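# Overview (structure and organization)
One-letter residues, chain by chain:
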Amino acid sequence: QGGPEGSQWALLVQESEPPKLKPYDDVAASVAEEWEADQRRDVQNAAAAALFAVVKAGSSLEDAATVAGLRLQQTPSVPRPNERTPSPVEPELAAALFQLRLNEPTMLEIGQAFLIVTPVSVTAPDMANDAAGVALLRTTLTQSLAQDVASTFVQALRTRVRPTVNRTLLDSLLQ
């Protein structure tokens, strides 16, 4: 079987047991709970999608939340994610914020919540007073560039040489 980055792997199954259904009485309560949770999620998704449509059409998030009877919450300033500075928000939210333009809304599902978010300000970093941040950025970019060069070289080599797998030899080695 082919794996990531051209790797190969094999799996030998010694025995298997056919699946069995659990008796309904054993799973009835959990089935009902999951069904109710799915129904709540669908209702929340529809409400969030309606709110998002209003904001996307041009209404401010604050006005749309007020009309919907919802409370608007502003996050603290969110720095770009890195190892040195933990994010004050969930990683998915931080990543989404840095993909948006100023005042551009988006809708996210994080955990069991639907969020409508809009970046309201952008603050440029103070490079002169953040020597550690600049050093970290330099190191990160250098490592990224080195990885890109190595990856590009390996891909070019694979394209030029076009290695193949001798299945017969591999199968004989695995037995």
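Everything in this summary refers to the structure shown in the same document.

### Topic: the packing of helix 1 (residues 24-56) against helix 2 (residues 61-68)
Where helix 1 contacts helix 2, the axes come no closer than 9 Å and their chain directions differ by 140°. On the basis of their axis angle, the class for helix 1 and helix 2 is oblique. In the packing of helix 1 onto helix 2, the handedness of the crossing is right-handed. Between helix 1 and helix 2, the contacting residues are Leu51, Val54 and Val55 on the first element and Leu61, Ala64, Ala65 and Ala68 on the second. Across the contact of helix 1 with helix 2, the residue classes break down as 7 nonpolar, no polar and no charged.

### Re the pairing of strand 2 (residues 113-117)
By the bridge criterion, 5 bridges tie strand 1 (residues 106-110) to strand 2 in an arrangement that is antiparallel. Each bridged residue has a counterpart across the sheet, and for Thr106 the counterpart in strand 2 is Val117. Connecting strand 1 to the next strand, strand 2, in antiparallel fashion are 2 residues, including Gly111 with a positive phi near 65°.

### So, the nonpolar core
Core analysis: the biggest nonpolar cluster contains 10 residues, these being Val78, Val89, Leu93, Ala94, Ala96, Leu97, Leu100, Leu108, Ile110 and Val117. Breaking this core down by element, the ones donating at least two residues are helix 3 (91-97) and strand 1. A total of 4 residues in this core trace back to one element, the largest contributor, which is helix 3. In contact with Ala94, not counting residues within four places along its chain, are Val78, Pro81, Ser87 and Val89. Within the second largest apolar cluster, 8 residues are counted, among which are Val55, Leu61, Ala64 and Ile116.

### Section: the pattern of salt bridges
Where charged atoms of side chains with opposite charge meet at close range, the side chains can pair. Under the definition given, this model contains 3 salt bridges. Glu17 is the partner of Lys20 in a salt bridge, and the nearest nitrogen-oxygen pair spans 3.7 Å. The exposure classification of Lys20 matches that of Glu17, with both residues exposed. Residue Arg41 pairs with Glu109 through a salt bridge whose shortest N-O separation is 2.9 Å. Of the two residues, Arg41 sits in helix 1 while Glu109 sits in strand 1, which places them 68 residues apart along the sequence. In this structure Arg41 comes out as partly exposed when scored by relative accessible area, which is 32%. The partly exposed category is assigned to Glu109, whose relative accessible area is 39%. It is possible to trace a salt-bridge network through shared partners that takes in Arg41, Asp42 and Glu109.

### Comments concerning the environment of Thr75
Positionally, Thr75 belongs in the loop between helix 2 and helix 3. A relative accessible area of 35% places Thr75 in the partly exposed class. Here Thr75 is in contact with Val89 and Leu93, once residues within four sequence places are set aside.

### Comments concerning helix 1
For helix 1, built from 33 residues, the straight-helix expectation of 48 Å at 1.5 Å per residue is met to within 8% by its first-to-last C-alpha distance of 45 Å. A bend of about 30° at Ser30 is the largest found in helix 1. If you follow the buried residues of helix 1, they end up packed against helix 2, strand 1 and strand 2. The first or second residue beyond helix 1 is Gly58, which carries a positive phi of 125°.

Cut-offs and rules
Residues numbered from 1 in each chain as written. Predicted model: local features only at pLDDT ≥ 70, side-chain atom pairs only at ≥ 80, totals over all residues. Heavy atoms only, no water. Axes fitted to C-alpha atoms, helices over the stretch in contact; angles between N-to-C directions. Helix = DSSP H or I, 4+ residues; strand = E, 2+ residues; numbered from the N terminus. Parallel < 35°, antiparallel > 145°, perpendicular 65-115°, else oblique. Left-handed = near helix turned anticlockwise from the far one by under 90°. Contact = heavy atoms within 4.5 Å. Nonpolar A, V, L, I, M, F, W, Y, C, P; charged D, E, K, R; others polar. Pairing = 2+ DSSP bridges. Core = buried A, V, L, I, M, F, W, Y, C linked by side-chain atoms within 4.5 Å. Buried < 20%, exposed > 50% of the residue type's maximum accessible area, 1.4 Å probe, protein only. Salt bridge = Lys/Arg side-chain N within 4 Å of Asp/Glu carboxyl O. Expected span 1.5 Å × (residues − 1). Bend = angle between axes of the 7 residues up to and from the residue.

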